[in-house]
Amino acid sequence: MARQRRFQLPDETATAAAADPGHVATFVQGAPRQTGENPGTPWAGLDPKAKPTSGINLRLNEYQITLLRYVAEHGGLSQQQTTKRILIPALEARAREIADNQPSG
């Protein structure tokens, strides 16, 4: 059995197809849309409403966890939902502030 090469140079027809403006237009139409955020930010193009896929371990002292429990209980939300509702808008505001103060270039 002949061993298949992992990487090959494209043949001329593939190269010509890649340069075809119709193919370029199709590619651009299928590209993800920008969110309106500064395109130089690490989160540009990410969906803020996407399903969570990562977690963190947040260490709190007794005072802090008691505050969180109190606010969550009186807001009718879980501690996680409460934290996200407070934390994400604060992070977005701070990130915009940092990005707006970055030198351009």
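**Q** Before we go on, may I ask you to explain the layout of surface pockets in this structure?
**A** Over the atoms a probe the size of a water molecule is rolled, and this reveals where empty space is left. When its volume is computed, the largest pocket comes out at roughly 1,300 Å³. Where the lining of the largest pocket is concerned, the elements lending two or more residues are α3 (62-75) and α4 (79-100). It is α4 that contributes the most residues to the lining of the largest pocket, eleven residues altogether. Looking at side-chain class alone, the lining of the largest pocket contains 14 nonpolar, seven polar and eight charged residues. Looking at the second largest pocket, its volume works out to about 190 Å³. Lining the second largest pocket, in full, are Leu58, Leu60, Gln64, Leu67, Leu68, Val71, Thr82, Thr83, Ile86, Leu87 and Ala90. Every element with two or more residues in the lining of the second largest pocket is listed here: α3 and α4. Among the elements that take part in the lining of the second largest pocket, α4 stands out by supplying five residues, more than any other. Its residues placed into classes, the lining of the second largest pocket shows eight nonpolar, three polar and no charged.

**Q** Sorry if this is basic, but what is going on with the side chain of Thr82 here?
**A** Examined against the element boundaries, Thr82 turns out to sit in helix α4. Beyond its immediate sequence surroundings of up to four residues, Thr82 is in contact with Leu68, Val71, Ala72 and Leu77.

**Q** Can you walk me through the packing of α3 against α4 in this structure?
**A** The description of two helices packed together rests on the angle between their axes and the distance between the axes. Taken N-terminus to C-terminus, the directions of α3 and α4 make an angle of 95 degrees; their axes are 9 Å apart at the nearest point. In terms of their interaxial angle, α3 and α4 are classed as roughly perpendicular. Along its contact with α3, which presents Ile65, Leu68, Arg69, Val71 and Ala72, the element α4 presents Gln79, Thr82, Thr83 and Ile86. Of the residues contributing to the contact of α3 with α4, the split by class is five nonpolar, three polar and one charged.

**Q** Looking at this model, I keep getting lost on the pattern of salt bridges. Mind explaining?
**A** A side chain of one charge can pair with a side chain of the opposite charge when the charged atoms of the two come close. Overall, the coordinates contain one salt bridge when judged by the stated rule. Across the pair Glu97 and Arg94 runs a salt bridge whose closest N-O atoms are separated by 2.6 Å. With Glu97 and Arg94 both in helix α4 and three residues apart, this pair spans about one turn of that helix. Among the residues examined, Glu97 registers a relative accessible area of 42% and is labelled partly exposed. Relative accessible area serves as the criterion here: at 45%, Arg94 is assigned to the partly exposed category.

Calculation notes
Residues numbered from 1 in each chain as written. Predicted model: local features only at pLDDT ≥ 70, side-chain atom pairs only at ≥ 80, totals over all residues. Heavy atoms only, no water. 1 Å grid on protein atoms, 1.4 Å probe; cavity = no way out; pocket = protein on both sides within 12 Å on 5 of 7 lines; lining within 4 Å. Points joined across faces, edges and corners; volume = space filled by probe spheres on them. Helix = DSSP H or I, 4+ residues; strand = E, 2+ residues; numbered from the N terminus. Nonpolar A, V, L, I, M, F, W, Y, C, P; charged D, E, K, R; others polar. Contact = heavy atoms within 4.5 Å. Axes fitted to C-alpha atoms, helices over the stretch in contact; angles between N-to-C directions. Parallel < 35°, antiparallel > 145°, perpendicular 65-115°, else oblique. Salt bridge = Lys/Arg side-chain N within 4 Å of Asp/Glu carboxyl O. Buried < 20%, exposed > 50% of the residue type's maximum accessible area, 1.4 Å probe, protein only.

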